[in-house]
Amino acid sequence: SMTEIEFGRSIRRTCFGFKEGYFFLNHGSYGAVPVPVRERQKELLDLMNENPDRFYKIVEGRLYDEARRAASAFLGAKAENLVFVPNATTGVNTVLRSLPWDDGDEILGTNFTFTSNVNACRSVADSINGKFHQFQIRFPIKDSSEIVKSMTSYLDNFQKIRLVVLDHISSPTTLVFPVKEMIAECRKRHVLTLVDGAHAIGQVEVNLEDLRPDFYTGNFHKWLYTPRGCAILWVAEEQQKWCAPLLISLQYKKGYQKEFKIQGTRDNIPYLVVPEVLKFFEDIGGLEKIHCYADTLLDSACQMLWNRLGARPVEVPESMKAPNMRLIHLPRFKGYTINFEGARKLNLDIMEKHKVVCLICAVQGQFFLRLSANVYNELSDFVKLVDALSQFNWEDSIHTNPVSHKCKL
Amino acid sequence: MAKAGVEFGAEVKKKYFHFKEAFTFLNHASYGAVPTHIREKQKQLLDVVNDNPDVFYRQAWKPFMSTAIQAAAEFLGADPNNVVLVQNATTGINTVLKAFPWKKGDEILATTHTYCSIQNTCRKAAQISTGGHFHQLEINFPIKDEEEIVRDMASAIDEHPSVRIVLLDHITSPTALLMPLKRMIEECRKRGVLVLIDGAHAPGQIEINLEELCPDFYVGNFHKWVYTPRGCAFLWVHKDHQNWCTPLVTSYMYDKGFQLEYGQQGTRDDTPYFLIPDAIQFYKDMGGRERITKYTKELLDSACKMIAERLQTRLAEIPKSMEVPGMKIVLLPDCTYNERYSNTWEGSQNLQFDIMNKHRIHVTVNSIQGRLYMRLAANIYNEMADYEKLADLLVKLFKEGE
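Residues numbered from 1 in each chain as written. Chains lettered and ligands numbered in written order. Predicted model: local features only at pLDDT ≥ 70, side-chain atom pairs only at ≥ 80, totals over all residues. Heavy atoms only, no water.

Participant: Pulling in residues and values, what's your account of the side chain of B:N88?
Facilitator: If you trace the backbone, B:N88 turns up in the loop between β2 (83-86) and α5 (89-99). By relative accessible area, B:N88 is classed as buried at 2%. Reaching out from B:N88, the side chain makes a polar contact with the backbone oxygen of A:T265 at a distance of 2.9 Å. For B:N88, the contacting residues outside a window of four places in its chain are A:L247, A:Q263, A:G264, A:T265, A:R266, B:N221, B:H223 and B:A233. (Helix = DSSP H or I, 4+ residues; strand = E, 2+ residues; numbered from the N terminus. Buried < 20%, exposed > 50% of the residue type's maximum accessible area, 1.4 Å probe, protein only. Polar contact = N/O pair within 3.5 Å; in protein donor to acceptor, adjacent residues only side chain to side chain. Contact = heavy atoms within 4.5 Å.)

So this is what it looks like as structure tokens:
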């Protein structure tokens, strides 16, 4: 049974079907789909294809509601407040595009807001003759209250801010934000909150009715093992009357739930397998067990990275550390420009040459390694990663030049 | 043509499709059908993605995507630079209508045969400019000559000079009419209005040459008549509009150009798109448009004639030039025995539902001009026996008062 399979090589082989010879240390980007979930997806594809009319007219609707109820229960949400969307980017766009803005309204994010969200915010702000502000977050972060203070001072200085886009866990910088507090501060000031929980679901405990933002969107296909194209959008009851989907279809003006449910003929199976996915998640031990395992691995990995490369995790308060990810400040590499393009090339080179899948990102003029750990990883994966990184040309190493390695940004 | 020898009907059904036993499928127009080898390929592709997600999403998807767009563009007589892939026609229409820079007073002209979801989209798009009202050109049976429709459309635009976009079906959904688009586009151009074509049913049924037809926007499904898995359609946008016709989702590639913007819409499953080349190959292997449509048209013509005779009704009165090879509508008798099948929208839904649930036959029924019409479809896995089964049932329901 699933509960008895050991994490590491064993579960990788029996449950995940990953390509042999590759080492997967970037769960955060695309997640992973275990074999039992893949099988269920294929089963549903067969069901759809052998009787499409019956599937689309009867079966799909029933499975969608079951999946929605299961997703809601998992997230401490009222099922009436929750709908499925293909990904968090769609969730964010949905809210931004249907909010009844007034001309000149402004939006607030941070310098760590995910690029797609920044683009969406800028685009919308332009269309309403408003502005998109980003308050700055700098390493090292001593206390999460700094972040809250930065936000509130921005809100107090820019009274036209109507909506704050908050990351529950930022990408790629892996910071867990003090969202409960931030939401409370926004409420005090009558500012709406849209939380992007793309990385939160399946990594941290999420209780939406308790958290009570105005909007929350998050992926199931990152840390919760669904096929890709599965995310949720939760909308507080009082906002539902105007929150319409991007796609207007059959159920226009029939109410929040109905409008989002039918989005033209498409493949909704990634949503429909949620019950199976949650069962798998539970069977293998759930949030705590996974985090425990990942934490131990990541600690060892960080130790290795320090010993062999002089690379150190970024300083953040304990409360802001992501359970299954770490952000490591890397020394300078020769031959790669420290920007998006340089990082992209670096990741591809490591993937092609060493078959190690990892994410190096450029943030504020420095290279960082975003480490992810999941149940199919073991220490040898991280050894392979460090081996691969050691091959590169270091411009200066902490062992020869410790002073230059203060994490300055 | 490797498979040209295979006989359409039961043989093709058995060899290439795998439908649920004991059901009769006369509604290809709604959801299409996916041949078994393409279903297998889709599952394999999903495994490829899942076995190495990073390699796929960082690298492998690009050539898959460009190959798919190339194949799609060739099939549609289009410049691949003008074609992007979307999940369904509804998405394509929503994209254009939402991206258009509406000003107060601007109007949309569609028709009374515009698909219901699209009518909703028009209402929503018109919210800013007219408070939700949009014009619908009335097209009523009998239709004597397609030129009537062209004239009526031209008059409608002249009567409402604030019309900015004309939304036309290539093939109407509830009524299976092939519209005289070339003439209609001409008249629109003369009047400086933009033309958005909903060609959901067109690819695979009729010849399309988009660069020649040259509307402003064209949307079409591959998952209806071209055998791809569902969630596979395209949007063609004239070069002149590509700078403002942006996708519904603003994502990573914002402002990076038409192709790049539409290519990235957040992480999702694009495997249906990647099966376009295989689906087109299957279409060709089955004989292509000529052989397929010849079969379906002959079958549908006979079948509908037979049903109309047995029910003592008739077909819709339309010119031959407006008939389509895979879809046809038959007038149903008034149901004097059963309130459940009244000549209303509810009646149409009840009838359709009952035929599916109680009798395992898939059809579409619509209420048009105060009467119920049954929309029948034909594809290469159908044969006359399918329609005879339906006819037996309809006689029972309408003539014998079951």
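Participant: Summarise unusual backbone geometry; cite the residues concerned and give the values.
Facilitator: All names here are of chain A. The peptide bond linking F139 to P140 adopts the cis configuration, its omega dihedral lying at -5 degrees. With an omega of 5 degrees, the peptide bond between S171 and P172 qualifies as cis. Residue placement: P172 occurs in the loop between β5 (161-167) and α8 (179-188). In the Ramachandran plot, H190 falls in the positive-phi region, its phi being about 60 degrees despite a non-glycine side chain. Given a relative accessible area of 74%, H190 falls into the exposed group. Unlike most non-glycine residues, R212 shows phi in positive territory, near 50 degrees. Structurally, the position occupied by R212 is in the loop between α9 (208-211) and β7 (215-219).

Participant: An account of the packing of helix α13 (residues 288-311) of chain B against helix α15 (residues 384-399) of chain B is needed here, citing residue identities and associated values.
Facilitator: All names here are of chain B. For the pair α13 and α15, the least separation of the axes is 10 Å and the interaxial angle reads 20 degrees. Relative to α15, the element α13 lies roughly parallel. Here the hand of the crossing between α13 and α15 comes out right-handed. Of the residues in α15, those in contact with L299, L300, S302, A303, M306, I307, R310 and L311 of α13 are M384, Y387, E388, L390, A391, D392, L394, V395 and K399. Partitioning the contact of α13 with α15 into residue classes produces twelve nonpolar, one polar and four charged. (Axes fitted to C-alpha atoms, helices over the stretch in contact; angles between N-to-C directions. Parallel < 35°, antiparallel > 145°, perpendicular 65-115°, else oblique. Left-handed = near helix turned anticlockwise from the far one by under 90°. Nonpolar A, V, L, I, M, F, W, Y, C, P; charged D, E, K, R; others polar.)

Participant: Describe in detail the packing of helix α7 (residues 146-159) of chain B against helix α8 (residues 181-190) of chain B, supporting the description with residues and values.
Facilitator: Residues and elements named next belong to chain B. Where α7 contacts α8, the axes come no closer than 10 Å and their chain directions differ by 20 degrees. In terms of axis orientation, α7 runs roughly parallel to α8. Where α7 crosses over α8, the two elements pack in a sense that is right-handed. Facing α7, whose interface residues are E147, I149, V150, M153, A154 and I157, α8 presents R183, M184, E187 and C188. Residues that form the contact of α7 with α8 fall into these classes: seven nonpolar, no polar and three charged.

Participant: Run through the domain arrangement of chain B, naming residues and quoting values.
Facilitator: All names here are of chain B. Domain annotation of chain B identifies domain 1 (10-26 + 287-398) and domain 2 (41-281). Measuring from the centre of the C-alpha atoms in domain 1 to the corresponding centre in domain 2 gives 27 Å. Carbon and sulfur atoms supply 61% of the area buried between domain 1 and domain 2, which totals about 2,000 Å² over both sides. The largest share of the area that domain 1 buries against domain 2 comes from M322, M327 and Q369, three residues that together contribute 29% of it. (Domains from an automatic or database assignment. Buried area = accessible area lost by both parts, 1.4 Å probe.)

Participant: Tell me about the pattern of salt bridges, residues and numbers included.
Facilitator: Residue and element names in this part refer to chain B. Scanning the entire structure with this criterion turns up 51 salt bridges over all chains. Between R371 and D334 there is a salt bridge, with the nearest N and O atoms lying 3.3 Å from each other. Placement of the pair is R371 in strand β12 (residues 371-377) and D334 in the loop between β9 (327-331) and α14 (345-359), with a sequence separation of 37 residues. Residue class for R371 comes out partly exposed when judged on its relative accessible area of 24%. (Salt bridge = Lys/Arg side-chain N within 4 Å of Asp/Glu carboxyl O.)

Participant: Can you tell me about the interface of chain B and chain A, naming the residues and giving the values?
Facilitator: Counting residues at the interface gives 58 residues for chain B, matched by 64 residues for chain A. Of the roughly 5,400 Å² buried at the junction of chain B and chain A (both faces included), carbon and sulfur atoms supply 52%. Between the two partners, chain B and chain A, sit four salt bridges. B:D47 is the partner of A:K42 in a salt bridge, and the nearest nitrogen-oxygen pair spans 2.8 Å. Inspection of the chain B/chain A interface yields 31 residue pairs in polar contact (both at pLDDT 80 or more). Contributions of two or more residues to the side of chain B that touches chain A are made by α3 (36-51), α4 (53-75), α5, α6 (116-130) and α14 of chain B. Considering every element that reaches the side of chain B that touches chain A, the biggest residue donor is α3(B), with eight residues. Along the lines of polarity and charge, the residues of the side of chain B that touches chain A split into 19 nonpolar, 26 polar and 13 charged.

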